[in-house]
Amino acid sequence: MSEVSELPDVASARAGDDAAFGRLVAPLRRELHAHCYRMLGSAHDADDALQDALLRAWRGLARFEGRGSVRSWLYTVATRTCLDLIEARGRRALPMDLGPASERAVIGGAMRTEIAWLGPYPDAGLPEGAAHPDARYEQREAVELAFVAALQHLPGNQRAALLLFEVLGFSAAEIADAMDTSVASVNSALQRARAIVHAKIPAPSRQRALRKIGDARLREIVTGYATALERGDADALVALLTEDVTWSMPPIPHWYHGIEAVTDFAVRVPLASCGSWRHRYVSANGRPAVACYLRSDATDEHHAWSINVLTLRGDRICEITSFIGGEHFARFGLPAVLG
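Residues numbered from 1 in each chain as written. Predicted model: local features only at pLDDT ≥ 70, side-chain atom pairs only at ≥ 80, totals over all residues. Heavy atoms only, no water.

**Quick word on the overall build of the chain**
On a plain count of helices and strands, the chain comes out with 13 helices and 7 strands. Taken against the 2.2 N^0.38 rule, which gives 20 Å for 339 residues, the C-alpha radius of gyration of the chain at 21 Å falls within 12% of a compact globule. With respect to the three principal axes, the spread of C-alpha positions in the chain is 65 × 45 × 40 Å. Taken across its 339 residues, the chain has 51% of its residues classed as buried. Looking at the chain as shown, the accessible area adds up to about 15600 Å², and 51% of this sits on carbon and sulfur atoms. With 37 positive and 41 negative side-chain charges, the chain shows a separation of 2 Å between the mean positions of the two kinds. (Helix = DSSP H or I, 4+ residues; strand = E, 2+ residues; numbered from the N terminus. Rg over C-alpha atoms; globule rule 2.2 N^0.38 Å. Buried < 20%, exposed > 50% of the residue type's maximum accessible area, 1.4 Å probe, protein only. Areas by Shrake-Rupley, 256 points an atom, 1.4 Å probe, with all protein chains shown as cover. Lys, Arg positive; Asp, Glu negative; His and termini not counted. Charge placed at Lys NZ, Arg CZ, Asp CG, Glu CD.)

**With respect to the packing of aromatic side chains**
Taken as a whole, this structure holds 7 aromatic pairs when the rule is applied. Relative to Trp58, the ring of Phe21 has its centre 5.2 Å away and its plane inclined at 55°; by these criteria the two rings are tilted. Separated by 37 residues along the polypeptide, Phe21 in helix 2 (residues 18-25) and Trp58 in helix 4 (residues 43-59) bring together distant segments of the chain. Owing to a relative accessible area of 11%, Phe21 belongs among the buried residues under this scheme. Judged by its relative accessible area of 29%, Trp58 falls in the partly exposed class. (Phe/Tyr/Trp six-rings, centres within 6.5 Å; stacked < 30°, edge-to-face > 60°.)

**Here's the deal with the pattern of salt bridges**
This structure, assessed with the given rule, holds 18 salt bridges. Of the charged contacts in the structure, one is a salt bridge between Arg217 and Asp315, with a shortest N-O distance of 3.5 Å. Taken together, the residues span a long stretch of sequence, with Arg217 in helix 11 (residues 215-231) and Asp315 in the loop between strand 5 (302-313) and strand 6 (316-324) at a distance of 98 residues. By relative accessible area, Arg217 is classed as partly exposed at 26%. Here Asp264 and Arg268 are joined by a salt bridge, their closest N and O atoms 3.8 Å apart. Highlighted residues: Asp264 and Arg268, both in helix 13 (residues 259-268), separated by 4 residues, approximately one helical turn. What emerges from the salt-bridge pattern is a single network uniting Asp45, Asp48, Arg89 and Arg92. (Salt bridge = Lys/Arg side-chain N within 4 Å of Asp/Glu carboxyl O.)

**Some points on empty space enclosed by the protein**
Within this structure, the stated rule accounts for 1 cavity of 30 Å³ or more. In this structure, the largest cavity spans a volume of roughly 30 Å³. For the largest cavity, the full set of lining residues is Met39, Leu40, Asp45, Ile86, Arg89, Gly90, Arg92 and Arg159. At the level of secondary structure, the elements contributing two or more residues to the lining of the largest cavity comprise helix 3 (29-40) and helix 5 (70-89). (1 Å grid on protein atoms, 1.4 Å probe; cavity = no way out; pocket = protein on both sides within 12 Å on 5 of 7 lines; lining within 4 Å. Points joined across faces, edges and corners; volume = space filled by probe spheres on them.)

**Considering the confidence of the model for the chain**
The share of residues in the chain with pLDDT of 70 or more is 92%, and the mean pLDDT across the chain is 90. The model gives residues 1-5 a pLDDT under 50, and that stretch makes 6 contacts with residues more than four places away or in other chains. (pLDDT = per-residue confidence, 0-100. Contact = heavy atoms within 4.5 Å.)

**Here's the deal with the environment of Val143**
Its place among the elements puts Val143 in the loop between helix 5 and helix 6 (145-151). As a C-alpha pair, Val143 and Tyr121 span 22 residues in sequence and 7.5 Å in three-dimensional space. Setting aside anything within four residues of it in sequence, one finds Val143 in contact with Tyr37, Arg38, Tyr121, Asp123, Leu126, Val148, Asn285 and Gly286.

**Some remarks on the nonpolar core**
By size, the foremost hydrophobic cluster in this structure holds 75 residues, and its most contacted members are Leu74, Phe147, Leu162, Ile307 and Leu334. With 9 residues, helix 5 is the single largest residue contributor to this core. Dropping the residues within four chain positions of it, Leu74 is found in contact with Val25, Leu28, Leu32, Leu54 and Ala57. Judged by nonpolar contacts, the second largest core, of 34 residues, contains Val222, Leu241, Trp247 and Ile317. (Core = buried A, V, L, I, M, F, W, Y, C linked by side-chain atoms within 4.5 Å.)

**Let's talk about the pairing of strand 6**
Counting buried positions over the 9 residues of strand 6 gives 7, a clear majority of the element. Taken together, the 4 bridges between strand 1 (residues 241-249) and strand 6 define a ladder with parallel strand orientation. Residue pairing in the sheet places Ser248 in a bridge with Thr321 of strand 6. Relative to strand 6, strand 5 runs antiparallel, the two being bridged by 8 bridges. By the bridge assignment for strand 6, Ile307 is matched with Phe323. In textbook terms, the turn of a hairpin is the stretch between consecutive antiparallel strands, and for strand 5 and strand 6 this stretch comprises 2 residues, one of which, Gly314, has a positive phi near 65°. (Pairing = 2+ DSSP bridges.)

**Quick look at the environment of Leu126**
Inspection of the secondary structure assignment puts Leu126 in the loop between helix 5 and helix 6. Here the alpha-carbon distance between Leu126 and Asn285, two residues 159 residues apart in the chain, equals 9.6 Å. Once you skip the residues sitting within four places of it in the chain, Leu126 turns out to touch Arg30, Ala34, Tyr121, Gln139, Arg140 and Val143.

Next up, the structure:
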């Protein structure tokens, strides 16, 4: 929506026309929600943040002076709302943030529900392409698990500065205005944020690697993973994995690193003792993913269990992140039960 076409709706919204405000917000809702997810690491928290931000924007519309676009102003409001939530709720974690990997399968490991865990994000909710011509990251790159997890290690101001500059294409001056600080402070925050993120994810984005694999081969790998679980075929599963593969399952704190530990876990837990598996294919955090349904009793129903996000290196799986919890499935448009 151009700034010129925004003007009549801005005037009407200021006069109390909620339909006009809805028209201003509608084209931006998906990208604003994705921004909130990147800031907060949780789609549920992003729901809360976006709802609160839009309410703040509606109530504060009289303060919008029209010097910039409605989009920039809404991003400012959403960013400040997320910063408030970060201060109140802290950062989100993956099992790797809590301690070293387990060398052998941990049977019956308890879920740690008191920890704020990083959550998955459905690619279907993302707008296409870069959010701005000056952005360094594509939309899918900017929700990759490694990137979002690295952001959680940044203070809120550094997190906001990096996202606004690198993902959304804001200038340092625009960020300083949005965060009520100086350009020098923004540049300093960007420098520190880049160093931390680079230290945690020095490798380039996997998006280009996925494109090189091609859709047909990618489908073979994902299908092979799902089929191996359904059939309890350890050899077929192991053949798909890299030697340094990792497998984590938030909210279970235990995780596994290396082909021996991952194989021991796979053979003793999902392939042997869980029950019958069924699967649906989805896409999450810029990655292929498998929604897993589990039947552990004598009924014919398989219940939503986990969203498994697969990270590939070449044509092998180097990381499996299984987000356990049926609450994730509705966001992916999936049923809670398969008959």
